[in-house]
Every structure is written in C-alpha cells, then in structure tokens.
Amino acid sequence: MASIPTPSHSIQTTNASRTNFPCVPINKPIHKKLHICLNKYSLRVESCSTPKYNDVVVDEEMDMIRRLQNGSDVRGVALQGEKGRSVDLTPPAVEAIAESFAEWVINGLEKEKDVRVSLGKDPRISGNMLSVAVFAGLSRAGCVVFDMGLATTPACFMSTILPPFEYDASIMMTASHLPYTRNGLKFFTKKGGLTSPEVEEICDKAARKYANRFAKVSTTLQITPTMVDFMSAYAEHLRDIIKERVNHPSHYDTPLTGFQIIVNAGNGSGGFFTWDVLDKLGADTFGSLHLNPDGMFPNHIPNPEDKTAMAFTRAAVLENKADLGIVFDTDVDRSGVVDSKGNPINGDRLIALMSAIVLKEHPSTTIVTDARTSMALTKFITNKGGQHCLYRVGYRNVIDKGVNLNKDGIETHLMMETSGHGALKENHFLDDGAYMVVKIIIEMVRMKLEGSEGGIESLIEDLEEPLESAEVRMIVLSEPRNAKAKAVEAIEAFRTHIEQGSLPGWELDACGDCWVSDGCLVDTNDDPAAIDAFMYRAKVSDEQNGEHGWVHLRQSIHNPNIAVNLQSTIPGGCQFMAKVLRDRFLLPSGMDKILDISQVDKYARNGNLS
C-alpha cells in the first residue's frame, strides 16, 4: 500500500473519549454542537461520548457504515423527517467513506502525489453540508480536490476523460429520485463506475476508520477546493455530437431550428440541457417545466417513472403542440420521453425505441435488458434482427453484462434497465440520460430531413403491449441489520419451492429467450458476476394457455423489502399468479412471519392495490 501524504488540514480533537452513534439506542442527543461554515469549507462536529467504548459499540458503528452501501452506490438518510428512519449518512460517515475511496484510487494508480478528484452534486439541501465532509476526506488522503458544484452523474464520469479536466476520479453526491431527506455518493474513475464489490471494499475500510476515531469529525480545510465550471464543457460536448451527427445541410450550427422540445427537469440537475444544449442549437423550449434546481423537489418526484412527472410533461407537450417531451431524474443518469401525440415513452417502450435506433446503426447487435421486460419486447427486438439478452435487475448488472459480452466477442451496443437507465457502447458504457435523449433527438431530426411524416413514435408502432403487469412489495419484518439476510432467506425459499414442484406450472427462468447460453439471470460461466441482490424469475404455464406469464422476486438493495413483479398475457393472469404465490408459497413456507405480505394478499383478493 502506498504511503499517504501528510494531510493539508488540521485535526482538532474536541473530546478524548470514544463516541456512540445512532445505531446504538440512546436517550440523549447525538450531537451537542454542529457548526458549519460553507464559504470557508469548514466543518466542525462535536459528538457526545459514551462512558465505555466496547466491542458492541465498535460492531454497531461498523455495521452502520457498511449498511450505507447500496450496490454500487452509497445511500442513506441525511436529514431528519422520515418516519421510522434515523439519520445515518452523517458528515463523519461521509468523510470516512470519501477518504477510503481516495486511498483506493491512490493505491490503484500507484502514485502518492497530485491525484486529482472532482465532486459534483444534485440540488439536495443536505449537499452543502456533506460536500464539506467529502472535501475533508479527500484532502486527508492527500488528493487535490475540484468542486464542480451543481452537476449530473454522467458529467462526473466525463470529467475524468474530457480534456483539459481529465481528473483521476470523481464523486457524485445524489440519491437519484429518493426523497429530499436522502443523499448518497456515486464513484467513478477513468474506467467507469465502481462495481458493488469495489464499493463494499471501500465501505469496509471506512467502517474501520469510523469506529476507531476518537472524534468523529473536527476538520478545517486550510486549502479550499478549486471551483471548476465543467458543466459548460459537458454541454458543449453534447452540442457537438448533435451538430456532427445531424450534419444539417442548411444550418449546421442550429440543427434543431423548427423543433419545439419540452424539458421537465423536476427541479433537479437537468435544467442545463434546456438552456445550454437545446436553446443553443436553435430549439424552441417554451413550455419547459421545473428547470430551476430546488432540493425540496416541490412539484413532483424527479423520476421518469413517476406518473405525476409524466402527466405534467404530457400536458405541456399537448398544450404547446411540441415535437418531443423529455423527463429527467434528479441526477440525469435516467430519462424518459413523451412523443408528439402525448404518449409517454418509458419502461419497455423506451427500450424498444432505443433498440430501433441502435439496430439501424448496428444490425443484429445484442441488447441487454433486466429480467422485468416483457415477452413482447423480446419479439420486437428479434423481429428487427437483434438479439435479446435478459439479465439480472440492477443497472450496474445490466451494463456490466454488456461490457463482458463485448469482451467475449459478442457485439453488444445497448444495455437498458426498465427504470430508464440506458448505456451505449459508443458512450463509454455510461448510463447517461442526457446522451440517450441526444440519440433520440438526432433520430427525430434525421427522420424529418428524410421526409418521414411520422414522429419517433412510428419507430415502435409494432411493439405489442403486455396485457397485464403489476408490482407489489413485501416489507421485511426485521431490524435493519438483519433485513438483508432475511430477504435472502425468503428469495432462496422461493427458489427451493419451485425446484421441489410446490408451485405446479412454475419453472425457474434461467435464460429467458436470450440467445447467449452462458449467463442470463444467473451466471454459469467460469467468471460469474458478484451478486449484489438475490432474485429469481419464474415462467408460468398451464395446459389451457401454455406459457402465459412470469413472476419475478427481487431483494431491494435500497430498502428492506422484496419487490414482486408479475406479467401475464391472459386476462386475470397476474391476480391468479399472486394467489398461487400467496397460497402455495408464502403461507405454507411461513414466509408471512418474516415478510409483510399484505400487498400480495390485497392484490390476490381484489386484482388491484387501490
């Protein structure tokens, strides 16, 4: 391990005894004093002490940090206000994680000096406070720190490769579409986003640091981070792509002249796309919504899957007779669109649209999706000459599968999850909501130049919609520290019941309709991917209807629950499968003792959750 340079900031120990933090039940305030001076990038937290520092306290503190890992991200509660959830993403925790990430980067680069790391953040109101802790941790490890201010997740990665910036690593502070009380960290190097095992390693190191510090945080930065305007360079990068690929014959620099495009940024970080990309390319963006950053998200959840967000955007598109509507999530690594007729395009429809565009450019390429996509989507992709690879839920899982297929010589240009995460081989395998929209806009302009009378919706007119689909949740009835193990227990019991024939007509779907024989849903090759969350999909058949649906159980990596997705091609099929799940698995196995199955029960009884 490389030696760490002497930090460039001072550490002031304000309490010589060890401290106790929220995961240990106590009846007095956690913090006696909290002083933050944002302009000077200083942070001072004095925490109450516990009379006896023993192994139980150490274990609790370490577990608290480790539980902040959510797959390839770190996420937690940063502000009070959530019923039943205490604050766990504290400045001390963030500092320890940032320092551990910096050390991980330094070790990987095998250099001790001039390691340059950038930080961007979404507009959450906890961002300024936690930014100070990130800067403190990076500085303590000896890094040179750059403050990008309000940014997007894809921009943070691009800051590692776009000249003249080309930082060694980057951190994005965001919790995506989660409530304003949450926040988190996403990590990047020049190779891309970190994997779940890498983040687990970093959190484990951070847990040891945190538990063994006398004063959790008492830091003043003597050298402030360098402020940089990277978003302007990133926006220019996107504009250049549109100009070059449209190559408009009459107005090269303003290829969007004559198009009206509505953007709904949801008060997140996506407003830049309106004034720094679309406006400068000649588009009419009148009617765009919620562009100003507001960390309280007063209008709706910034999420392309959110019905309210889509309803606002549809109304604006129809009222203004716009050509396209765009919905971004908070940190712009996801997006959805609305066509000129006001039809929402997200989920399977968005994957189909991107597949149609990519298959024009790369005929017969493989397209990787998560296992919640429909049988109709598989038919759509294969009818257009593509290959469909169904894989594990989780955007990093889907992207990493595409990366590995390409390494194995299987051309794979598109990887998409139903949540709106979409990555392309041509864009560094980066899930970039803005770049995905750029691809759609380029195709829209090209179609117009070619004389097509239909809009982008014409590209997916052959996509059949699933007759029925539903999602319910089962909350794990356990203490937070045991929730993951209990969820895994339930998921594995589901697998066992199917294998033992306890659910007649149900069969584990190991590969779906994927043409790749080694590794779909569950890797069976020589180098299987690490499992970040347990999940199984079962295809369901009977004598009368043949194969008519599937059920997918998945352990959530963000919350203590299990998601149950159902899809069917026959009327009443989802409700019937919910009944079978309840009566032949959840109740006989005793899973109702460790899971709240009320949503499954209600859907099985009524066929809806309202």
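Residues numbered from 1 in each chain as written. Predicted model: local features only at pLDDT ≥ 70, side-chain atom pairs only at ≥ 80, totals over all residues. Heavy atoms only, no water.

1. Description of the overall build of the chain
Across its full length, the chain holds 15 helices and 27 strands. The burial tally for the chain puts 58% of its 610 residues in the buried class. Of all intrachain contacts in the chain linking residues separated by at least 6 positions in sequence, the fraction that spans at least 24 positions is 71%. If you sum the accessible surface of the chain, you get close to 24500 Å²; carbon and sulfur atoms cover 49% of it. (Helix = DSSP H or I, 4+ residues; strand = E, 2+ residues; numbered from the N terminus. Buried < 20%, exposed > 50% of the residue type's maximum accessible area, 1.4 Å probe, protein only. Contact = heavy atoms within 4.5 Å. Areas by Shrake-Rupley, 256 points an atom, 1.4 Å probe, with all protein chains shown as cover.)

2. Here's the deal with empty space enclosed by the protein
By the definition in use, this model includes two cavities of 30 Å³ or more. Estimated volume of the largest cavity: approximately 90 Å³. Every residue lining the largest cavity is listed: Ser72, Asp73, Thr153, Lys186, Phe187, Phe188, Gly193, Leu194, Asp333, Tyr395, Arg396 and Asp431. Contributions of two or more residues to the lining of the largest cavity are made by strand 9 (182–189) and helix 11 (395–407). When residues in the lining of the largest cavity are grouped by element, the largest group, three residues, is from strand 9. Class assignment of the residues belonging to the lining of the largest cavity gives a composition of four nonpolar, three polar and five charged. By volume, the second largest cavity is sized at about 30 Å³. In terms of lining, the second largest cavity is formed by Tyr395, Val398, Ile399, Met415, Met416, Glu417, His421, Gly422, Ala423 and Asp431. Elements with a minimum of two residues in the lining of the second largest cavity: helix 11, strand 19 (412–416) and strand 20 (422–424). Per element, the largest residue contribution to the lining of the second largest cavity is three residues, and it comes from helix 11. The class makeup of the residues in the lining of the second largest cavity is six nonpolar, two polar and two charged. (1 Å grid on protein atoms, 1.4 Å probe; cavity = no way out; pocket = protein on both sides within 12 Å on 5 of 7 lines; lining within 4 Å. Points joined across faces, edges and corners; volume = space filled by probe spheres on them. Nonpolar A, V, L, I, M, F, W, Y, C, P; charged D, E, K, R; others polar.)

3. Some thoughts on the pattern of salt bridges
Counted according to the given criterion, the structure contains 35 salt bridges. We note a salt bridge from Arg124 to Asp122, for which the minimum N-O separation is 2.9 Å. Accessibility assignment for this pair places Arg124 and Asp122 in one class, buried. Ionic pairing is found between Lys593 and Asp592, a salt bridge with its closest N-O pair at 3.5 Å. We classify Lys593 as exposed; its relative accessible area is 61%. A residue is classified by how much of its surface remains accessible, and Asp592, at 24% relative accessible area, is partly exposed. Overlapping salt bridges, with partners in common, bring together Glu95, Glu99, Glu103, Arg140 and Lys209 in one network. (Salt bridge = Lys/Arg side-chain N within 4 Å of Asp/Glu carboxyl O.)

4. Overview of the pairing of strand 25 (residues 546–555)
Most of strand 25 sits inside the fold, with eight of its 10 residues counted as buried. By the bridge criterion, eight bridges tie strand 24 (residues 535–542) to strand 25 in an arrangement that is antiparallel. Counted as the bridge partner of Val540 is Gly549 from strand 25. The loop that links strand 24 with its antiparallel partner strand 25 comprises three residues. Bridging between strand 25 and strand 26 (residues 561–568) involves seven bridges; their strand directions are antiparallel. Across the sheet, residue Trp550 finds its bridge partner in strand 26, namely Gln567. (Pairing = 2+ DSSP bridges.)

5. Side note on the packing of aromatic side chains
Under the defined criterion, the tally for this structure stands at 12 aromatic pairs. Measuring from ring centre to ring centre gives 6.4 Å for Phe101 and Trp104, while their planes differ by 20°; the resulting arrangement is stacked. With Phe101 and Trp104 both in helix 2 (residues 91–109), this residue pair falls three residues apart, about one helical turn. Just as Phe101 is buried, Trp104 falls in that class too. Residues Phe273 and Phe328 carry aromatic rings whose centres are separated by 5.5 Å and whose planes lie at 80° to one another, so their mutual orientation is edge-to-face. Within this pair, whereas Phe273 is found in helix 7 (residues 272–278), its partner Phe328 is found in strand 14 (residues 324–328), the two being separated by 55 residues in sequence. Judged by its relative accessible area of 0%, Phe328 is buried. Cluster of aromatic residues (ring-pair linked, three or more members): Phe146, Phe165, Tyr167, Phe230, Tyr234, Phe272, Phe273 and Phe328. Above the ring of Phe259, the side-chain terminus of Lys448 is found at 5.1 Å from the ring centroid. (Phe/Tyr/Trp six-rings, centres within 6.5 Å; stacked < 30°, edge-to-face > 60°. Lys NZ or Arg CZ within 6 Å of the ring centre and 35° of its normal.)

6. Quick look at the packing of helix 13 (residues 480–499) against helix 14 (residues 573–586)
Two numbers describe how helix 13 lies on helix 14: the axes approach to 11 Å, and their chain directions differ by 90°. Taken together, the axis directions place helix 13 and helix 14 in an arrangement best described as roughly perpendicular. Contacts between helix 13 and helix 14 involve Ala490, Ala493, Phe494 and His497 from the former and Leu581, Arg584 and Phe585 from the latter. Each residue belonging to the contact of helix 13 with helix 14 can be placed in one class, and the counts come to five nonpolar, one polar and one charged. (Axes fitted to C-alpha atoms, helices over the stretch in contact; angles between N-to-C directions. Parallel < 35°, antiparallel > 145°, perpendicular 65-115°, else oblique.)

7. Focus: the sheet that holds strand 22 (residues 468–476)
A sheet is described by the order of its strands in space; here six strands give the open sequence 23-24-25-26-22-27, paired in antiparallel fashion. Strands at the two margins of the open sheet, each flanked by one partner only, are strand 23 (506–508) and strand 27 (595–596). Contacts from helix 15 (residues 598–606) reach strand 22 and strand 27, with the element oriented near 150° to strand 22.

8. What to know about the environment of Ile326
Here Ile326 is to be found in strand 14. Given a relative accessible area of 0%, Ile326 falls into the buried group. Each C-alpha atom of the pair Ile326 and Ala265 lies 8.1 Å from the other, and the pair is 61 residues apart in sequence. Setting aside residues up to four positions removed in sequence, Ile326 forms contacts with Ile261, Ile262, Val263, Asn264, Phe273, Thr313, Gly336, Val337, Val437 and Ile441.

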